[in-house]
Amino acid sequence: MSLYPMGELLRDAQKKRYGIGYFNTVNLEMVRACIRAAEACRAPIIIGTAEALLPYAELEWIAPVLLEQARRAKVPVAVHLDHAYHFDVLMRALRCGFGSVMYDGSREASHADNVARSAQLVRIAHAMGAGVECELGSVGGLSDENGRADAVVYTEPDDARTFLEETGADFLAVSIGTAHGIYTAPPRLDLPRLHQIRAAVSAPLVLHGGSGLSDADFQATVAGGICKINVFTDVILAAKQALCAAPENTYLDAVKAAEAAMAKAVEDKLCLFGSAGRA
Ligand code: 13P
């Protein structure tokens, strides 16, 4: 049995102080690249998709692919839904069998709304045996339905404690200076803030915007208590590079080359996070 609840993987990572990679996927090649990479370096891994990616792969189509590939893997794999904003999407994911879901309430009109909706989701998800990741503050860099980029709002350590008490969320995504997508200037991480959050709460902490960070950034954030790191942009950039490097490839060879490049990018991250050899 290699399909695990995310909480079980993250609790081990938290105890032994390493990071587990989370990777978004929209097709079989991406799912296979992640699992190949994890098996190659014997690392646990978390795979899934996100609400913004559903135009590329319908939830009810990608879910069985994720779950079946996870069950067949030779390493522990958790299946998770990343950044969802709408309750219908979250409910569909839970019904499809995702072991955990992320409710991103950072676009709610107020903090009180974020707390109320997060708490409501936690009650439902827990009743269905699933875990919940929530975001407090805003990592930024994602675009909303109108194409506006989310603003960056740092997570306040005291708010993190009360938010988790009020909502019962299992995992907390923190905003400490990373952003989603390609950085236009080198990110400056607020590590003292991370240490304060870590001291204030016991839930596993999640770092979004894992592309474009330095090796030292990863070492410092994992040492500071991060145990799940989300990566997307670097993986699709690796695929694009492989496709552009050999435009003469047939479609089949192009797909194969892209999968190999993504597997290499994922494996590099898993080694950096310290999860290689943990499975
Ligand atoms: P990047 O695309 O910056 O790697 O961020 C991924 C992410 O945080 C998904 O939630």
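**With respect to the packing of helix 3 (residues 59-72) against helix 4 (residues 87-96)**
Right, so step 1: Contact geometry of helix 3 with helix 4 gives a least axis separation of 10 Å together with a crossing angle of 35°. For the element pair helix 3 and helix 4, the recorded crossing hand is right-handed. The segment helix 3 lies against helix 4, with Leu59, Glu60, Ala63 and Leu67 engaging Val89, Arg92, Ala93 and Cys96.
Right, so step 2: Its residues assigned to classes, the contact of helix 3 with helix 4 shows 6 nonpolar, no polar and 2 charged.

**As for the packing of helix 6 (residues 157-167) against helix 7 (residues 191-200)**
Right, so step 1: Taken N-terminus to C-terminus, the directions of helix 6 and helix 7 make an angle of 30°; their axes are 8 Å apart at the nearest point. One way to sum up the angle between helix 6 and helix 7 is to call them roughly parallel. Judged by the sense of rotation from one axis to the other, the crossing of helix 6 with helix 7 is right-handed. Mapping the contact onto sequence places Pro157, Ala160 and Arg161 in helix 6 and Arg193, Gln196, Ile197 and Ala200 in helix 7.
Right, so step 2: Per-class residue counts for the contact of helix 6 with helix 7 are 4 nonpolar, 1 polar and 2 charged.

**A few points about the packing of aromatic side chains**
Right, so step 1: All chains considered together, the criterion is met by 2 aromatic pairs.
Right, so step 2: Here the aromatic rings of Phe87 and Tyr103 are separated by 6.1 Å at their centres, their planes lie at 80°, and the arrangement is edge-to-face. Remark: Tyr103 occurs in strand 4 (residues 100-103) and Phe87 occurs in helix 4; sequence separation between them is 16 residues. Accessibility classification places Phe87 together with Tyr103 in one group, the buried group.
Right, so step 3: For Arg107, the ring lying beneath its charged end belongs to Tyr85, and the centroid distance is 4.0 Å.
Right, so step 4: Positioned over the ring face of Phe87 is Arg117, at 4.7 Å from the centre of the ring.

Cut-offs applied
Residues numbered from 1 in each chain as written. Predicted model: local features only at pLDDT ≥ 70, side-chain atom pairs only at ≥ 80, totals over all residues. Heavy atoms only, no water. Axes fitted to C-alpha atoms, helices over the stretch in contact; angles between N-to-C directions. Helix = DSSP H or I, 4+ residues; strand = E, 2+ residues; numbered from the N terminus. Left-handed = near helix turned anticlockwise from the far one by under 90°. Contact = heavy atoms within 4.5 Å. Nonpolar A, V, L, I, M, F, W, Y, C, P; charged D, E, K, R; others polar. Parallel < 35°, antiparallel > 145°, perpendicular 65-115°, else oblique. Phe/Tyr/Trp six-rings, centres within 6.5 Å; stacked < 30°, edge-to-face > 60°. Buried < 20%, exposed > 50% of the residue type's maximum accessible area, 1.4 Å probe, protein only. Lys NZ or Arg CZ within 6 Å of the ring centre and 35° of its normal.

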